[in-house]
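Per-entry structural report
Residues per chain are reported as follows:
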Amino acid sequence: MTIQATDAVLLDIHERMVRIRIFEEEAGKLMENGKVPGALHLYVGQEAVAAGVMAHLKDTDHITSTHRGHGHVVAKGGQFNEMYAELYGKAAGYCKGRGGSMHICNMEIGMLGANGIVGGGIPIAMGAAFSKKFRKTKEVAASFFGDGASNEGSFHEAANMAALYKLPLILVCENNGFGEYTRQDNHQAIVDVADRAAGYGMPGVVVDGMDAIAVFEAAGEAVARARNGEGPTLLECKTYRFYDHVGVRGMGLSYRTDEEVDAWKRRDPIKLLEEKLIEQGISTKRKISAVHKRVRDEAMAAIKFAEDSPLPDPDGLLEDVYYEKA
Amino acid sequence: MAEAQLKDDQAPRKLAYVNAITEGLHEVLKEQPEAFLAGEDVAGAGSVFGYTSGLLAEFGEHRVIDTPISEKGIMGLGVGAAATGCRPIIDLMFMDFLGECMDEVANQMAKMRYMFGGHARLPVTVLTMSGAGMSLAAQHSQSLEVWLTHLPGLKVVAPATPYDAKGLIISACRDDNPVFVLLNKLSLALQGEVPEGAYEVEIGKANVLREGKNLTLIAYSRMVHEAMQAADQLKEFGIDAEVIDLRSLSPLDTDTIVKSVKKTHRAVIVHEAVRFSGFGGELAAQIQELAFDYLDAPVGRVGAPFSPVPYSPSLEQSYMPNAKRIVAETRRLLGV
């Protein structure tokens, strides 16, 4: 049974997508201008996936993410101040400056971290789903990963166990066509990662990952199955990242054409949703601009907050390696 | 054992190492409703070593869970479940299978708390079987403890006796950090005193098994018993050896080691793992850093040669360190 998005839900999804886009645009500038240390893998272009899935999840539901994880944190409810502070390596960051972009997390909203290891989050999400079933909750877990990660052993082991134990897990494959810089047809012999679901005895669904409404509807079915104790679903969202693998322009490697990027940009998921919102009378150009402005202002204030906040005390280097009883 | 609480009118109860493991798991599953035991053949089969026997019948399939042969999956299960309110006990059948799940161990389990700025807590215990001596050859006989001790975020314990096996399992499962309990397959039938009920053996505390005056033998896991035999044999050469059972490799009870070496002025370290790059290198370094002026001889190390564990009994016997080799190496170092 398809869950239709109400007007309020569509506006909520739109807001989440705009928040991701603007967070990432500004993060990209910070990286390219040398304002933040380390490497950022940006989510621009893939917003419909995080927003469409996360619209079904509560704070008590858990997710795991990837090295391209900011979008998942934002969509799950992460706050800009703590996120930018983490990118800056500041004490006020979600991980107190110990994790950075590739490990950004927020346990309070069920976000079990970005993950620097491709496929690293999938068995962890399976374990979280196991915990939810073990503790007899109605909560679910979702794992976001890419087409590249679907070639890792961790994906296969976790998928098999999730199906075997009928765990409340949604495996969300964001197929952006590349494993790092290697094109999909050069890293796997299949076109649809969702085909792999059959091998584990779970439904596999392919959806247009640039269409937020389509993602929302497909994710709704998968989440409902999980909450009803019917087991996991592999949901493949066909999408594209507009920026480079790392940063915005990245290392300037020639692995895709400008024409290809432009073609995908014409299907910008935010633009597609905004056209629908206006066409269906749910919003107006003016209201949409106001959302963009409000979020941009929030991002700029958060960047200021991050810049002004202190670095971690070097004396605290060894804190948090172990849990110690108070 | 010093910690055993015995009633005056009762002979100490003896139990095999294998049954002590079972009792430890039993106590934990009884006291912690959020604990479960998961691993290959731990439920229906009672584990290939027999130490989970009876647990399925008592605690049911909800708590004692057979998994597919999928070590990445099993270890990920432990990480994800521990981070979300469970207290998983994961059984990794052979330590040699660490290679199948090293990402989950090294990059996820060990680091999650730190990477998350202290916002995650991972009360997960991993039991795994180490050691040679059963002709199981190169992939089922290794002692790979340094793969784990090199990782900040993990605790690593290696019980030598039935008493410590039960107590360390209970302590590990009550700890809110990831703890690896390294069991030893050749010790499974070893008998020792084991009290009934729950008790802890403190993680990070070594045990001085035998006091001595002029040599400290430092060992862990099964090599503790070889060291004790060696200490007996060394008497005839005028060496009165103290024997320390480390019990915990990480955290390490450096104080007990240093205190002993300052008293005896000589140390020989014994482990079953390959000597080169082994844990003994760390111990020797710490001893020379902290007790250099007290040393009357170079710190010795007895370990396996730089070779995979062989299959044939004759080769394997020659591979494994034993009391005889400890005595020989000690005599060589001390010139007696």
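Description of the overall build of chain A
- A count of helices and strands for chain A gives 10 helices and seven strands.
- Radius of gyration (C-alpha) of chain A: 19 Å, near the 20 Å computed for a compact globule of 326 residues.
- Its C-alpha atoms give chain A principal-axis dimensions of about 55 × 50 × 40 Å.
- When the 326 residues of chain A are sorted by exposure, 58% land in the buried category.
- Partitioning the intrachain contacts of chain A with sequence separation of at least 6 by distance along the chain shows that 75% fall at a separation of at least 24.
- For chain A, the exposed area adds up to about 13000 Å²; of that, 53% sits on carbon and sulfur atoms.
- Side-chain charges in chain A split into 38 positive and 46 negative, and the spacing between the mean points of these groups amounts to 3 Å.

Looking at the interface of chain A and chain B
- Tallying the contact residues gives 39 residues for chain A and 47 residues for chain B.
- Carbon and sulfur atoms supply 65% of the area buried between chain A and chain B, which totals about 3400 Å² over both sides.
- Ranking the residues of chain A by area buried against chain B places Phe134(A), Tyr322(A) and Tyr323(A) at the top, with a combined share of 23%.
- Our count for the chain A to chain B interface comes out at zero salt bridges.
- Counting across the chain A and chain B interface gives 19 residue pairs in polar contact (both at pLDDT 80 or more).
- Among the secondary structure elements, those contributing two or more residues to the side of chain A that touches chain B are helix H5 (121-134) and helix H6 (153-164) of chain A.
- A per-element tally of the side of chain A that touches chain B places H5(A) first, with nine residues.

Describing the packing of H6(A) against helix H3 (residues 71-83) of chain B
- The contact between H6(A) and H3(B) brings their axes to 8 Å, and the two run at 70°. One way to sum up the angle between H6(A) and H3(B) is to call them roughly perpendicular. Here Gly153(A), Ser154(A), Glu157(A) and Met161(A) of H6(A) lie close against H3(B), whose contacting residues are Glu71(B), Lys72(B), Gly73(B), Ile74(B) and Leu77(B).
- Classifying every residue of the contact of H6(A) with H3(B) by side-chain character gives three nonpolar, three polar and three charged.

Description of the domain arrangement of chain B
Residue and element names in this part refer to chain B.
- With domains assigned, chain B is organised as domain 1 (15-193) and domain 2 (207-334).
- Just the C-alpha atoms count here: the centres of domain 1 and domain 2 sit 26 Å apart.
- Facing 28 residues of domain 1, the contacting portion of domain 2 comprises 25 residues.
- Both sides of the domain 1 and domain 2 interface together cover about 2000 Å² of buried area, and 58% of this is carbon and sulfur.

What to know about the sheet that holds strand E7 (residues 233-238) of chain A
Residues and elements named next belong to chain A.
- Reading across from one edge, E1-E2-E3-E7-E6 is the order of the five strands in this open sheet, with parallel pairing throughout. The sheet is open, and its two borders are formed by strand E1 (62-64) and strand E6 (204-208), each paired with just one other strand. Direction aside, the axes of adjacent strands within the sheet are offset by 20° on average.
- Bridge analysis of strand E2 (residues 141-146) against strand E3 (residues 169-175) gives six bridges, and the strand direction is parallel. Its bridge partner lying in E3, Gly146 is registered against Glu174.
- Each of E3, E6 and E7 touches helix H7 (residues 212-227); the most contacted strand, E6, lies at about 155° to it.

What counts, and at which threshold
Residues numbered from 1 in each chain as written. Chains lettered and ligands numbered in written order. Predicted model: local features only at pLDDT ≥ 70, side-chain atom pairs only at ≥ 80, totals over all residues. Heavy atoms only, no water. Helix = DSSP H or I, 4+ residues; strand = E, 2+ residues; numbered from the N terminus. Rg over C-alpha atoms; globule rule 2.2 N^0.38 Å. Buried < 20%, exposed > 50% of the residue type's maximum accessible area, 1.4 Å probe, protein only. Contact = heavy atoms within 4.5 Å. Areas by Shrake-Rupley, 256 points an atom, 1.4 Å probe, with all protein chains shown as cover. Lys, Arg positive; Asp, Glu negative; His and termini not counted. Charge placed at Lys NZ, Arg CZ, Asp CG, Glu CD. Buried area = accessible area lost by both parts, 1.4 Å probe. Salt bridge = Lys/Arg side-chain N within 4 Å of Asp/Glu carboxyl O. Polar contact = N/O pair within 3.5 Å; in protein donor to acceptor, adjacent residues only side chain to side chain. Axes fitted to C-alpha atoms, helices over the stretch in contact; angles between N-to-C directions. Parallel < 35°, antiparallel > 145°, perpendicular 65-115°, else oblique. Nonpolar A, V, L, I, M, F, W, Y, C, P; charged D, E, K, R; others polar. Domains from an automatic or database assignment. Pairing = 2+ DSSP bridges.

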